[in-house]
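# Remarks on the overall topology
Each chain, letter by letter, is given below.
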Amino acid sequence: MVAPFRRPRGYIQPPARARLAEFAGTEFDAEDMTRAEQAVAKVLTRYPTLLADEIDNLRAAWSAAPDKLTSETVAPIFNVAHELAGYGATFGYPLITILARSLCRLLTMGDLSRQQMSAVVDAHIATLRVIVRDQMKGAGGSTSLQLAAGLDQAINKFHLSAGSERKGRLHDEVTALQATEKPPANNRQ
Amino acid sequence: MPAFSLAKLERLRVMLVDNSPMMRELVQSVLQAVGVQHFMTARDGRSALDMMPAFGPHLAFCDWEMEPMCGLDFVRAVRKLPECDNPFLPIIMLTSHAEEPWVIEARNAGVHEYLIKPATANAILARLASVINNPRPFVRTDNYFGPANRTA
């Protein structure tokens, strides 16, 4: 049931400090952006093996998962997948973000057995490893589409066995990602 | 005027709440690049609440998935008077949860801005500028206290 609308008793003006009044009018120009992007690049060079380490953590968390998967028992692996989703594109690997989010969606489907999920989780972990091993940065070209199609098959099989009508959509997501990497038509020579 | 933000933001006090050292360092580096000098970092919501009174932040960047206190509970605790000394604190949630129900839940807890990881330098600065230049009034209802929706 939808919660009934609660009429505000009135608007409250936060104090000047909370309105950040002394900083009003702050703007960032192209030089600010360049400095900030350079700062990000510098931080990322300090974490060269982070993605590979996180995939190892994912494998370890999945290996430790019990037979009965509930929101509580699945939390350790979900948390690692969730972190990977955040890190992936930060490091220039948007495919990792897409796959990790797919894994998070599967892990939050409800109470399932480890046996039911084993093949689809293993397929995600194996594909994540391939992406890092082969350094498939950006949208990854035709190989990434093949990997996505293969994972979609594993996802569809899992949904079928779980009685769900959902379908894998990784191929579509990777196709959309690749479209964003293409230059605008009027810039093509 | 390139040096404008550098001088302007040197007094800004920012709290970074994230269990990932890399994400904390990344956001801090972006903000330092535009002149922010005062930071407090915490690896979960509970630690952040404990450190808040002494630090006196102007705003917070906050992750969602953290232990023992997650970002959503942190936001709720900040908005709850009298447990927190600054219930109006602007909070930018920085998370990998991209689906709409999560965004709505964060908004209903009282976040000002929602930023989906991976966060680019551009996106972080855009949210910062938005929080600074578009201060929002707060509303109190029977079941909500926080920034008013932009449509309100």
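Look up: the structure comes first, before these words.
Residues numbered from 1 in each chain as written. Chains lettered and ligands numbered in written order. Predicted model: local features only at pLDDT ≥ 70, side-chain atom pairs only at ≥ 80, totals over all residues. Heavy atoms only, no water.

## Some thoughts on the packing of helix α4 (residues 94–107) of chain A against helix α7 (residues 170–181) of chain A
Residue and element names in this part refer to chain A. Contact geometry for α4 and α7: axes closest at 11 Å, N-to-C directions at 155°. Viewed along their axes, α4 and α7 adopt a mutual orientation that is roughly antiparallel. As for the relative orientation of α4 and α7, their crossing is right-handed in sense. Counted together, Pro94, Leu95, Ile98, Leu99, Ser102 and Arg105 of α4 and Leu170, Glu173, Val174 and Leu177 of α7 form the full contact between these two elements. Looking at side-chain class alone, the contact of α4 with α7 contains seven nonpolar, one polar and two charged residues. (Axes fitted to C-alpha atoms, helices over the stretch in contact; angles between N-to-C directions. Helix = DSSP H or I, 4+ residues; strand = E, 2+ residues; numbered from the N terminus. Parallel < 35°, antiparallel > 145°, perpendicular 65-115°, else oblique. Left-handed = near helix turned anticlockwise from the far one by under 90°. Contact = heavy atoms within 4.5 Å. Nonpolar A, V, L, I, M, F, W, Y, C, P; charged D, E, K, R; others polar.)

## Side note on empty space enclosed by the protein
All names here are of chain B. Under the definition given, this model contains three cavities of 30 Å³ or more. Space inside the largest cavity adds up to approximately 100 Å³. If you go around the largest cavity, you meet 14 residues; those closest to its centre are His112, Val131, Asn134, Pro135 and Arg136. Grouping the amino acids of the lining of the largest cavity by side-chain chemistry returns seven nonpolar, three polar and four charged. Taken as a whole, the second largest cavity holds about 60 Å³ of empty space. Together, Leu16, Val17, Asp18, Met23, Arg24, Val27, Phe61, Cys62, Asp63 and Leu94 line the second largest cavity. Secondary structure elements with two or more residues in the lining of the second largest cavity: β1 (13–17), α2 (21–33) and β3 (59–62). With three residues, the top contributor of residues to the lining of the second largest cavity is α2. Here the residues of the lining of the second largest cavity are counted per class, giving seven nonpolar, no polar and three charged. (1 Å grid on protein atoms, 1.4 Å probe; cavity = no way out; pocket = protein on both sides within 12 Å on 5 of 7 lines; lining within 4 Å. Points joined across faces, edges and corners; volume = space filled by probe spheres on them.)

## Some details on the interface of chain B and chain A
A common way to report how large an interface is uses the accessible area buried once the components associate. Opposite the 59 residues of chain B that make contact, chain A presents 48 residues. Summed over both partners, the interface of chain B with chain A buries about 4,600 Å², with 62% contributed by carbon and sulfur atoms. For the chain B face of the interface with chain A, the top three residues by lost area are Met22(B), His58(B) and Pro118(B), together amounting to 13%. In this structure, the salt-bridge partner of Arg105(A) is Glu99(B), at a minimum N-O distance of 3.8 Å. Here chain B and chain A share 14 residue pairs in polar contact (both at pLDDT 80 or more) between them. Sorting the residues of the side of chain B that touches chain A by element identifies α1 (4–8), α2, α6 (121–133) and β6 (138–140) of chain B as the ones contributing at least two each. Taken together, the residues that form the side of chain B that touches chain A break down as 34 nonpolar, 14 polar and 11 charged. (Buried area = accessible area lost by both parts, 1.4 Å probe. Salt bridge = Lys/Arg side-chain N within 4 Å of Asp/Glu carboxyl O. Polar contact = N/O pair within 3.5 Å; in protein donor to acceptor, adjacent residues only side chain to side chain.)

## Details of the pairing of β3(B)
Residue and element names in this part refer to chain B. Going residue by residue along β3, you find Leu59 and Phe61 tucked away on one face and Ala60 and Cys62 tucked away on the opposite face as well. Note: β1 against β3, four bridges, orientation parallel. When the sheet's bridge partners are listed, methionine 15 is paired in β3 with alanine 60. Direction of pairing for β3 relative to strand β4 (residues 91–95): parallel, over a ladder of three bridges. What sits directly across from cysteine 62, in β4, is methionine 93. (Buried < 20%, exposed > 50% of the residue type's maximum accessible area, 1.4 Å probe, protein only. Pairing = 2+ DSSP bridges.)

## A few points about the pattern of salt bridges
In the structure shown here, the tally under the stated rule is 15 salt bridges over all chains. In this structure, Glu173(A) and Arg105(A) form a salt bridge, with 3.1 Å as the shortest nitrogen-oxygen distance. With Glu173(A) in helix α7 and Arg105(A) in helix α4, the pair connects residues that are 68 residues apart, well separated along the chain. With a shortest N-O distance of 3.3 Å, Asp73(B) and Arg76(B) are connected by a salt bridge. Taken together, the positions of Asp73(B) and Arg76(B), both in helix α4 (residues 71–79) and three residues apart, correspond to about one turn of that helix. Under the relative-accessibility criterion, Arg76(B) is labelled partly exposed at 36%. Where salt bridges share partners, they join Arg105(A), Arg169(A), Glu173(A) and Glu99(B) into one cluster.

## Some details on the sheet that holds strand β7 (residues 145–147) of chain B
Read across the open sheet, the three strands follow the order β1(A)-β6(B)-β7(B); overall the sheet is antiparallel. Strands with a single pairing partner mark the edges of an open sheet, and in this sheet they are β1 (11–12) of chain A together with β7 of chain B. Bridge count between β1(A) and β6(B): two bridges; the pairing is antiparallel. Along β6(B), the bridge assignment pairs Ile12(A) with Phe138(B).

## Comments concerning helix α6 (residues 141–161) of chain A
Residue and element names in this part refer to chain A. With 21 residues, α6 extends 31 Å between its outermost C-alpha atoms, agreeing within 8% with the 30 Å of an ideal straight helix rising 1.5 Å per residue. Residues of α6 that are buried include every one of Ser144, Ala148, Leu151, Asp152, Ile155, Phe158 and His159, and no others. Taken down its axis, α6 places every buried residue within 125° of arc, on the same side. Opposite the buried face of α6, at more than 90 degrees from it, the exposed residues are Ser142, Gln146, Gln153, Lys157 and Leu160. At its buried positions, α6 is contacted by α4, β3 (112–113), α5 (114–133) and α7. Of the residues trailing α6, glycine 163 is marked for its positive phi of about 75°. (Expected span 1.5 Å × (residues − 1). Arc of directions from axis to C-beta.)

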